[in-house]
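# Per-entry structural report
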Amino acid sequence: MATNLIRNYGVNASIIDLNAYRVPDEEAERRGLENGRHINDAETRQLIEKHCQVHGEPHVVALSGMITTLGWQQKLAKMVKEMFPDALLVSGGGLANELKPTPLNPLGLFDPLFIPEIDALAHSEGDDVILKITRDAKVIRERGWRSALQSGELEPYLYGEIDGRPRLRYSGSRPRNLDAYPWADLSLLKEDVNGYRILDHYLKTPDWGDPKTANSSAAPFTMKLSATSVSTRGCKYFCEYCLRGMNGETL
């Protein structure tokens, strides 16, 4: 999505990958973390602040992750709103899909128990709807929420007002032609603003081979450098008993 925004629409998009950090210090050793620890809250805030000093203050901040990242996103949402109160804060990916509003839980991820700081959530495929998200963020930044709402340009994804704040709910769809999208530019993950080489970290992390260390399927061979690629976009159906339809389903 970032590659598409940059190459085809002139958006200044950048990425912070908090999952890439494994700090091998005394704390990690004390906690028995063989591969190192994740960066803590203070280190995360410093990283975000420096990233934005280099890349510019964001108009939109998009969080993504599986449902297991709820705790992280709760912390990040508070940080982002404190640092950049005017940025449109959006959550997408697996967590937003699992906790999207339903008749039984109309607030979904907006619920105070989850992430009340977010301005918007995006479920299903994000390739196309990310264009609308970034455009809405630009309109809101340039005109303010009141004028943006009155203009009607935030439709059709205006969800309503929750706790005195307007919220947006974006619904993505399956891309009609994946070949129209550029290949992901991995240089966006080459290194962070501190010089840490994120891409090297991933390339050196085994995806195949030793079942004790592999983060995918085990195989009877090993690779010093490896990377994964998405080759399918999930199931198009939306069966009640299965979660696969949460991405790109046909209703």
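See the structure printed just above.
Conventions we followed
Residues numbered from 1 in each chain as written. Predicted model: local features only at pLDDT ≥ 70, side-chain atom pairs only at ≥ 80, totals over all residues. Heavy atoms only, no water. Core = buried A, V, L, I, M, F, W, Y, C linked by side-chain atoms within 4.5 Å. Buried < 20%, exposed > 50% of the residue type's maximum accessible area, 1.4 Å probe, protein only. Helix = DSSP H or I, 4+ residues; strand = E, 2+ residues; numbered from the N terminus. Contact = heavy atoms within 4.5 Å. Salt bridge = Lys/Arg side-chain N within 4 Å of Asp/Glu carboxyl O. Axes fitted to C-alpha atoms, helices over the stretch in contact; angles between N-to-C directions. Parallel < 35°, antiparallel > 145°, perpendicular 65-115°, else oblique. Left-handed = near helix turned anticlockwise from the far one by under 90°. Pairing = 2+ DSSP bridges.

## Topic: the nonpolar core
Ranked by internal contacts, the top residues of the largest apolar core, which has 29 residues, are I48, L89, L109 and I118. Mapped by element, the contributors of at least two residues to this core are α3 (41–55), β1 (60–64), α4 (70–83) and α5 (94–98). In terms of residue count, the dominant contributor to this core is α4 (five residues). Excluding residues that lie within four positions of it along the chain, I48 makes contacts with I16, L76, M79, M83 and F84. In this structure, L5, I130, A137 and I140 belong to the second largest nonpolar core, which totals 15 residues.

## Regarding the pattern of salt bridges
In the structure shown here, the tally under the stated rule is 16 salt bridges. Ionic pairing is found between R37 and E43, a salt bridge with its closest N-O pair at 3.0 Å. The exposure class of R37 is buried, given its relative accessible area of 5%.

## Looking at the packing of helix α1 (residues 2–9) against helix α6 (residues 129–143)
Taken N-terminus to C-terminus, the directions of α1 and α6 make an angle of 70 degrees; their axes are 10 Å apart at the nearest point. Between α1 and α6, the interaxial angle falls into the category roughly perpendicular. Along this stretch, α1 crosses α6, giving a crossing that reads as right-handed. Along the contact surface, α1 presents N4, L5 and Y9, while α6 presents I130, L131 and T134.

## Let's talk about the pairing of strand β4 (residues 158–162)
The pairing of β4 with strand β5 (residues 165–171) spans four bridges and is antiparallel. Within β5, the position partnered with G160 by the bridge is R167. Here β4 folds back onto β5, and the loop between the two strands holds two residues, one of which, D163, carries a positive phi near 55 degrees.

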